[in-house]
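Here's the letter readout for the chains.
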Amino acid sequence: MSGPVIPIHPQAERALVDDATPVGELPLQDAAAHLPHYMRAGTLQLQALPPLALYVHLPWCLRKCPYCDFNSHEWRGAESVIPEQRYVQALMADLDVALPCIWGRRIASIFIGGGTPSLFSPDAIDTLLAQVRARVSLAPDAEITLEANPGTFERDRFAAYAQAGVNRLSIGVQSFDDAKLRILGRVHDAAQARAAIEEASRVVPTFNIDLMFALPGQSLEQAVAEVQQALAYKPPHLSLYQLTLEPQTPFAKRPPEQLPDADLAADMQQAVADAAQSAGLERYEVSAYGRPGHTSRHNRNYWEFGDYLGLGAGAHSKLSFAHRIVRQTRRRQPERYMQQAMSGAAMEAEHEVARRELPFEFLLNALRLRQGFNPELYTRRTGLPLSTLHPGLQQAVRLGLLHETPDRIAATPRGWELLNEVLTLFLPPAASNSREAGRIPDSTV
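Residues numbered from 1 in each chain as written. Predicted model: local features only at pLDDT ≥ 70, side-chain atom pairs only at ≥ 80, totals over all residues. Heavy atoms only, no water.

### A few points about the packing of aromatic side chains
So, step 1. Counted according to the given criterion, the structure contains 13 aromatic pairs.
So, step 2. For the pair Phe 158 and Tyr 161, a centre-to-centre distance of 6.5 Å together with 35° between the ring planes defines the contact as tilted. You can see Phe 158 and its partner Tyr 161 sitting in helix 4 (residues 157-164), three residues apart, about one turn around the helix.
So, step 3. Residue classification places Tyr 161 among the buried positions, given a relative accessible area of 0%. (Phe/Tyr/Trp six-rings, centres within 6.5 Å; stacked < 30°, edge-to-face > 60°. Helix = DSSP H or I, 4+ residues; strand = E, 2+ residues; numbered from the N terminus. Buried < 20%, exposed > 50% of the residue type's maximum accessible area, 1.4 Å probe, protein only.)

The structure is reproduced here in structure tokens:
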């Protein structure tokens, strides 16, 4: 078996929604009235609900990068600025409708992603967070992350975000090479990236640097040098991603020249991982490296199959109830989202995750963690007995891809390199010949 690790990147999610139900067929605009539908008896038995996170999608950017397949939209409105006030009002209307589904649950973390969230003014972020706090209970130590593009950096702007309540910034650097940044279609240069990192390190308790490797024309030495430049700032957290050609993107239709081949890309992945770990960052997930106490709590909740409520254009949710797990999708186009959210109809589709799909969905997340997972977590998060994993688990252990002990199931070093193939062993029978491994929301930064 051979193949790359499943690519994952901030806010990218392709949920398993083959059986999604268009919202128009159900009275979901009134979540309180529809709550008995979620609470009715079912085949799952969740003894307790998992931690709950909040994801807020701000969809606009200055320019769409040619590799990007996120739900992001270049701002071309007649107004000189993005309609911040109107969009925040729509987000709160969306949250108001969703509240009955999360009554009594505390929010452990908030991730504001995009798009380019740092296009929104500090005042707009302050209003957003204040109105969220007025509606839901936040954990006293809630992690609140905002994605920032160095191209929108202004001195004191990050400090104003911190004053609004943001305590973690994720900076989309991607490269410190101006020529590479131009190829990637980024709106910032290396000097702006350095200034943004320096400011983030000054004003927030923790921050992340987002960096890519296997760029067009990049050598192994250059890839390592990029990571070394990032490490010079002693980042508490580093996210390292391989450039991938996602379907329907300009790069997929017109690939850039001199892309590193698969062997060189694999060598780069190992080399940048070694560089990060040598600097004291633990590689705790396929693409994530953190210092002690600085791993991303929001993203760990994804990987441990926790719940998340997604607000905003194209946002996804995963919500657990006593006898079922439900996935939801908001309307993708920002203008339509705002219109529909104000009338209580922001949701576009939802589906209940089938019992037979839960083993695959859980492992799609949990096996990305280097430490793997405790078998008891599987039962807590899915409501299923561990025996539902046994056929695939036994085969993976026999092939040397997974390691199993009474208190831990994790990928072996070989299994981590071949994670795509490991996951195919757990695909539900009806999907094994027709569905590729999905992608999870990784506000991973």
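### Considerations on the side chain of Arg 168
So, step 1. Tracing the backbone through its elements, the reader meets Arg 168 in strand 7 (residues 168-174).
So, step 2. Despite its burial, Arg 168 pairs with no opposite charge; the closest candidate is Glu 143, at 4.1 Å N-O. (Lys, Arg positive; Asp, Glu negative; His and termini not counted. Salt bridge = Lys/Arg side-chain N within 4 Å of Asp/Glu carboxyl O.)

### Things to note about helix 2 (residues 84-98)
So, step 1. The terminal C-alpha atoms of helix 2 lie 21 Å apart, and with 15 residues this matches the ideal 21 Å at 1.5 Å per residue to within 8%.
So, step 2. Of the positions making up helix 2, those classed as buried are Glu 84, Tyr 87, Val 88, Ala 90, Leu 91, Met 92, Ala 93, Asp 94, Leu 95 and Ala 98.
So, step 3. Each element contacted by the buried residues of helix 2 is listed here: strand 2 (52-58), strand 3 (60-61), helix 3 (122-135), strand 12 (307-312), strand 14 (324-330) and helix 11 (334-342). (Expected span 1.5 Å × (residues − 1). Contact = heavy atoms within 4.5 Å.)

### What about unusual backbone geometry?
So, step 1. Across the junction of Gly 114 and Gly 115, the peptide omega takes the value 25°, indicating a cis bond.
So, step 2. As for its placement among the helices and strands, Gly 115 is situated in the loop between strand 5 (106-114) and helix 3.
So, step 3. Residue Ala 214 is not a glycine yet carries a positive backbone phi of 60°.
So, step 4. With respect to the helices and strands, Ala 214 occurs in the loop between strand 8 (206-213) and helix 7 (220-231).
So, step 5. On the accessibility criterion, Ala 214 (4% relative accessible area) is buried.
So, step 6. At Lys 234, a residue that is not glycine, the phi angle is positive and equals roughly 50°.
So, step 7. As for its placement among the helices and strands, Lys 234 is situated in the loop between helix 7 and strand 9 (237-242).
So, step 8. A relative accessible area of 63% means that Lys 234 is categorised as exposed.

### Considerations on the nonpolar core
So, step 1. Of all hydrophobic cores here, the largest spans 78 residues; its most connected members are Ile 110 and Leu 238.
So, step 2. A per-element tally of this core places helix 2 first, with seven residues.
So, step 3. Leave out the neighbours within four places in its chain, and Leu 238 touches Asn 208, Ile 209, Val 227, Ala 230, Leu 231, Ala 276, Leu 281, Ser 287, Ala 288 and Tyr 289.
So, step 4. If you look at the next biggest cluster of nonpolar residues, it comprises 31 residues, including Leu 46, Leu 363, Leu 389 and Leu 418. (Core = buried A, V, L, I, M, F, W, Y, C linked by side-chain atoms within 4.5 Å.)

### Considerations on the environment of His 403
So, step 1. Turning to its location among the elements, His 403 is positioned in strand 16 (residues 402-405).
So, step 2. Of the residues examined, His 403 reaches a relative accessible area of 47% and is grouped as partly exposed.
So, step 3. Between the C-alpha atom of His 403 and that of Gly 415, which follows or precedes it by 12 residues, the distance is 9.1 Å.
So, step 4. Among all residues touching His 403, those that are not within four sequence positions of it are Arg 408, Ile 409, Ala 410 and Thr 412.

### Quick look at the pattern of salt bridges
So, step 1. In the structure shown here, the tally under the stated rule is 14 salt bridges.
So, step 2. Among the salt bridges present, the one from Arg 105 reaches Asp 307, with a minimum N-O distance of 3.1 Å. Of this pair, Arg 105 sits in the loop between helix 2 and strand 5 while Asp 307 sits in strand 12, and the two are 202 residues apart along the sequence.
So, step 3. The exposure class of Arg 105 is buried, given its relative accessible area of 12%.
So, step 4. The exposure class assigned to Asp 307 is buried, which follows from its relative accessible area of 0%.
So, step 5. For Arg 380, the salt bridge is made with Glu 376, and the minimal N-O distance between the two is 2.1 Å.

### Topic: the confidence of the model for the protein
So, step 1. Averaged over all residues, the pLDDT of the protein equals 88, while 88% of them reach at least 70.
So, step 2. Note on residues 1-28: pLDDT is under 50 here. Beyond four places in sequence and across chains, it has 106 contacts.
So, step 3. In this model, residues 432-440 is a region of pLDDT below 50 whose contacts with residues beyond four sequence positions or in other chains number 28 contacts. (pLDDT = per-residue confidence, 0-100.)

### As for the pairing of strand 10 (residues 282-285)
Both faces of the sheet carry side chains from a regular strand, because those side chains alternate between them.
So, step 1. Bridging between strand 10 and strand 11 (residues 288-290) involves three bridges; their strand directions are antiparallel. For Arg 283, the partnering residue across the bridge sits in strand 11 and is Tyr 289.
So, step 2. If you look at the hairpin formed by strand 10 and strand 11, you'll find two residues sitting between the two strands. (Pairing = 2+ DSSP bridges.)

### Some words on the packing of helix 7 against helix 9 (residues 262-278)
So, step 1. Axis separation between helix 7 and helix 9 bottoms out at 9 Å; the angle between their running directions is 25°. For the element pair helix 7 / helix 9, the angle class is roughly parallel. Helix 9 is crossed by helix 7, and the crossing has right-handed handedness. When helix 7 is examined against helix 9, the residues Leu 220, Ala 223, Val 224, Val 227, Gln 228 and Leu 231 are found in contact with a partner set consisting of Leu 264, Asp 267, Met 268, Ala 271, Val 272, Ala 275 and Ala 276.
So, step 2. Class assignment for the residues of the contact of helix 7 with helix 9 results in 11 nonpolar, one polar and one charged. (Axes fitted to C-alpha atoms, helices over the stretch in contact; angles between N-to-C directions. Parallel < 35°, antiparallel > 145°, perpendicular 65-115°, else oblique. Left-handed = near helix turned anticlockwise from the far one by under 90°. Nonpolar A, V, L, I, M, F, W, Y, C, P; charged D, E, K, R; others polar.)

### Considering helix 12 (residues 358-366)
What sets the pattern is the α-helix's 3.6 residues per turn: residues three or four places apart point alike.
So, step 1. Most of helix 12 is tucked away: nine of the nine residues are buried.
So, step 2. Looking only at helix 12, the buried set comprises Leu 358, Pro 359, Phe 360, Glu 361, Phe 362, Leu 363, Leu 364, Asn 365 and Ala 366.
So, step 3. In this structure, the buried side of helix 12 is in contact with helix 10 (297-303), strand 14, helix 13 (375-382) and helix 16 (419-424).

### Things to note about the environment of Glu 417
So, step 1. Along the chain, the position of Glu 417 falls in helix 15 (residues 413-417).
So, step 2. Between the C-alpha atoms of Glu 417 and Ala 266, which are 151 residues apart in sequence, the distance is 9.4 Å.

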